[in-house]
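An overview of the molecular structure
Take a look at the letters that make up each chain.
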Amino acid sequence: MTSKTLLCLLVSLIPLTSFAQKSNKDKEEWQSLFNGKDLTGWDVKIAGHKVNDNYKNTFLVEDNMIRVNYKEYDKFTTEYGHMYYNKPYSHYKIRLQYRFTGNQVPGGASWNVRNSGIMLHSQSAASLGLDQDFPISLEMQYLGGLNAGERNTGNLCTPGTIVDIDGKLAEAHCINSTSKTYNGDQWVDAEAIVLGDSIVYHLIGGDTVLVYTNPRIGGGYVGKNHTFKDGKVGNEAEWIKKDNTKLGSGYIALQAESHPIDFRNIELLNLKGCMDPKATNYKSYYVAAENSTCTYKKK
C-alpha cells in the first residue's frame, strides 16, 4: 500500500462531523446591523428633539446606505445628531465603510467640515438630555481630507470620557491616529476592536492606527473646563457620581455633525458568548464569557 493510499484511507475513517465541528467553532459569525431597507433597529436622537424625531430626515436610507442628509435644512444650528443601534455590547469588532459627500450645510462649524464618526460604549438614546449635543462615549472620529495637508482619520474624541495611551492619562479631548489622509468622496474601510474596559483598537484600511486602554467616565464633558452642565447632559448629577468609573460596555451610534456622510456594510462580530467547548454554540474566538447562553445537545 502506498503512502498516498494510506493517507486517503485514514482520512476516510475520520468522521465528517469532526471537520464540521471544527469549522463551525472557528467560523466568525458577523451580523449586519443595517437591513439595507430602513432604520429598523436604530434610534435617532437629535439635539433639541425627542428620541426618534428624525428632524428633516437627517438620517435616511438610499441605495443600501444610511445617509446623513441635509437637503431639507436651510441652516444648521445645534442639530447634532446620532443614530443608536438598540442593543449594547461590551466585547466586539465593528466594521463599516464611510464616505463624505458634497458640501457642508450652511451654519455648520468650520471644524465640522468633513467631520463625523461612530460612538463606542455610548449611553443610550433615551438617556440623553433633550438638548445634549453628544452622548457620553468614545468617538471613533472620521475626518475627510481637505486637499490641504494631512488630516488623519480614525481618531479618538472623548465626550465625558478619558483613556490611557501608552499607560498614561491622555489629557487631550481629541487624539490623532496615524492614518493617512483620504481626500475626496472615496469610500474608506474602518474597523474598531473593542474589548470591554481594557483596550480598544482603531483600524483604517486594515491598518491599526490608534490603540488606547482603560476607558472610563470623567475628564469633564469636552475637556476639564467644559462640564456636563455646559453640555446639557441629562442626569448630570448621576454622571458626576460615576467619575473615574470604568466604561466597559454601551451602545454604538452613527454621527451627524453638519456634513453629509454615507455609511454602508455595517457589521458586528460579538466577542462575548459561550466559552464552554462542550456547548453547541461555543466559538473559539470569544474573549469574554457569557456562559448563561450556552446550549448543549440532548443526551
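Whatever comes next refers back to the structure up there.
My aim in this report is to walk through the structure given alongside it, one point at a time. (Residues numbered from 1 in each chain as written. Predicted model: local features only at pLDDT ≥ 70, side-chain atom pairs only at ≥ 80, totals over all residues. Heavy atoms only, no water.)

**Comments concerning the state of the cysteines**
To keep it simple, the criterion reads: Disulfide: a pair of cysteine sulfur atoms within 2.5 Å of each other. Strands are runs of DSSP state E lasting at least two residues, helices are runs of H or I lasting at least four, and both sets are numbered from the N terminus onward. Only protein chains enter the accessibility calculation, which uses a 1.4 Å probe; a residue is then buried when its area is under 20% of its type maximum, exposed when over 50%, and partly exposed in between.
A complete count under the given rule lists two disulfides for this structure. Two residues, cysteine 157 and cysteine 174, share a disulfide whose sulfurs are 2.0 Å apart. Looking along the S-S bond of the cysteine 157-cysteine 174 disulfide, the torsion reads about 110 degrees, which is the right-handed sense. Residue cysteine 157 is found in strand β9 (residues 155–157), and its partner cysteine 174 is found in strand β12 (residues 174–175); the two are separated by 17 residues along the sequence. Overall, cysteine 174 belongs to the partly exposed group, its relative accessible area being 36%. Between the sulfur atoms of cysteine 274 and its disulfide mate cysteine 294 the distance is 2.0 Å. Judged by the sign of its S-S torsion, about 100 degrees, the bond between cysteine 274 and cysteine 294 is right-handed. Of the two residues, cysteine 274 is situated in the loop between β18 (272–273) and β19 (288–289) and cysteine 294 in the segment after β19; the sequence distance between them amounts to 20 residues. The class for cysteine 274 is buried, based on a relative accessible area of 1%.

**Regarding the sheet that holds β9**
Heads up, the condition is: When DSSP finds two or more bridges between two strands, those strands count as paired.
Spatially, seven strands are ordered β2-β5-β16-β7-β8-β9-β12 in an open sheet, and the strand pairing comes out antiparallel. The outermost strands of the open sheet, each flanked by one partner alone, are β2 (42–46) and β12. As defined by bridge partners, strand β5 (residues 81–85) adjoins strand β16 (residues 251–256) across four bridges and the pair is classed as antiparallel. Bridge assignment links histidine 82 to a residue of β16, and that residue is glutamine 255.

**Here's the deal with the pattern of salt bridges**
Short version of the rule: Salt bridge criterion: a side-chain nitrogen from Lys or Arg within 4 Å of a carboxyl oxygen from Asp or Glu.
All told, the structure shown has 10 salt bridges when counted by the stated rule. Note that arginine 67 and aspartate 262 form a salt bridge whose closest N and O atoms lie 2.7 Å from each other. Residue arginine 67 is found in strand β4 (residues 65–68), and its partner aspartate 262 is found in strand β17 (residues 261–270); the two are separated by 195 residues along the sequence. Residue aspartate 262 is classed as buried on the basis of its relative accessible area, which comes to 1%. Here arginine 114 ties to aspartate 185 by a salt bridge, and the two come within 2.7 Å at their closest N and O atoms. You can see arginine 114 sitting in the loop between β6 (91–100) and β7 (115–122) and its partner aspartate 185 sitting in the loop between β12 and β13 (188–195), a full 71 residues away along the chain. Aspartate 185 gets classed as partly exposed once you look at its relative accessible area, which sits at 40%.

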